[in-house]
Amino acid sequence: MLKVVAACGSGMGSSMMIKLKLQKVLKELGIAADVKNTNAGEAKSTASQYHVIVCSESLRDTFKSAEERGTAVVTLKNLLDEKELKEKLLQAGVAELEKKVTV
């Protein structure tokens, strides 16, 4: 099962919206995932515990070191756009990543 975190600046509204969209899109894709939401600082300090981090494009630099260590970082222009989320998750290879994790 993939471990995914949705992050935003304060860990309140935006990350919760991303989490809800993530759960819906991952379910549509048939990907089993445990999805959490939190603020960017907490997500950065616990990044090694997650396979995927999803956040707004403005937070990309916050997760540069996590990405360099192999965590997939998915950034969004529009946090409510399920089509964008789905496309970017597929581009990041989450389906293949899930297969590796469950083997």
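Residues numbered from 1 in each chain as written. Predicted model: local features only at pLDDT ≥ 70, side-chain atom pairs only at ≥ 80, totals over all residues. Heavy atoms only, no water.

> How should the pattern of salt bridges be read in this particular structure?
Between side chains of opposite charge, a pair can form when the charged atoms approach closely. Scanning all chains against the criterion turns up eight salt bridges. Between lysine 21 and glutamate 82 there is a salt bridge, and its shortest N-O distance comes to 3.0 Å. Of the two residues, lysine 21 sits in helix 1 (residues 13-29) while glutamate 82 sits in helix 4 (residues 82-91), which places them 61 residues apart along the sequence. Residue class for lysine 21 comes out partly exposed when judged on its relative accessible area of 22%. One salt bridge connects aspartate 61 with lysine 64, and the closest N-O pair in it is separated by 3.9 Å. Residue classification places lysine 64 among the partly exposed residues on the basis of a relative accessible area of 44%. Here the residues in one salt-bridge network are Lys21, Lys24 and Glu82, joined through shared partners. (Salt bridge = Lys/Arg side-chain N within 4 Å of Asp/Glu carboxyl O. Helix = DSSP H or I, 4+ residues; strand = E, 2+ residues; numbered from the N terminus. Buried < 20%, exposed > 50% of the residue type's maximum accessible area, 1.4 Å probe, protein only.)

> It is not clear to me how the pairing of strand 1 (residues 2-8) should be interpreted in this structure. Could you clarify?
Each regular strand displays side chains that alternate between the two surfaces of the sheet. Counting buried positions along strand 1 gives six out of seven residues, so the element sits mostly inside the fold. Examined bridge by bridge, strand 1 and strand 2 (residues 33-39) share seven bridges and lie parallel to one another. Paired with valine 5 across the two strands is lysine 36, which belongs to strand 2. Following the chain from strand 1 across helix 1 to the adjacent parallel strand 2, one finds a crossover that is right-handed. In this sheet, strand 3 (residues 52-56) lies alongside strand 1 in parallel orientation, the contact comprising three bridges. What sits directly across from valine 4, in strand 3, is valine 52. (Pairing = 2+ DSSP bridges. Right-handed = clockwise from strand over helix to strand, strands pointing away.)

> Explain the packing of helix 1 against helix 4 here, please?
Relative orientation and spacing of two packed helices are given, respectively, by the angle between their axes and the distance between those axes. Two elements in contact, helix 1 and helix 4, have axes whose closest approach is 10 Å; the angle formed by their N-to-C orientations is 60°. Between helix 1 and helix 4, the crossing angle belongs to the class labelled oblique. Crossing handedness for the pair helix 1 and helix 4: right-handed. The segment helix 1 lies against helix 4, with Lys21, Leu22, Lys24, Val25, Leu26, Glu28 and Leu29 engaging Glu82, Leu85, Lys86, Leu89 and Leu90. Among the residues forming the contact of helix 1 with helix 4, the class breakdown is seven nonpolar, no polar and five charged. (Axes fitted to C-alpha atoms, helices over the stretch in contact; angles between N-to-C directions. Parallel < 35°, antiparallel > 145°, perpendicular 65-115°, else oblique. Left-handed = near helix turned anticlockwise from the far one by under 90°. Contact = heavy atoms within 4.5 Å. Nonpolar A, V, L, I, M, F, W, Y, C, P; charged D, E, K, R; others polar.)

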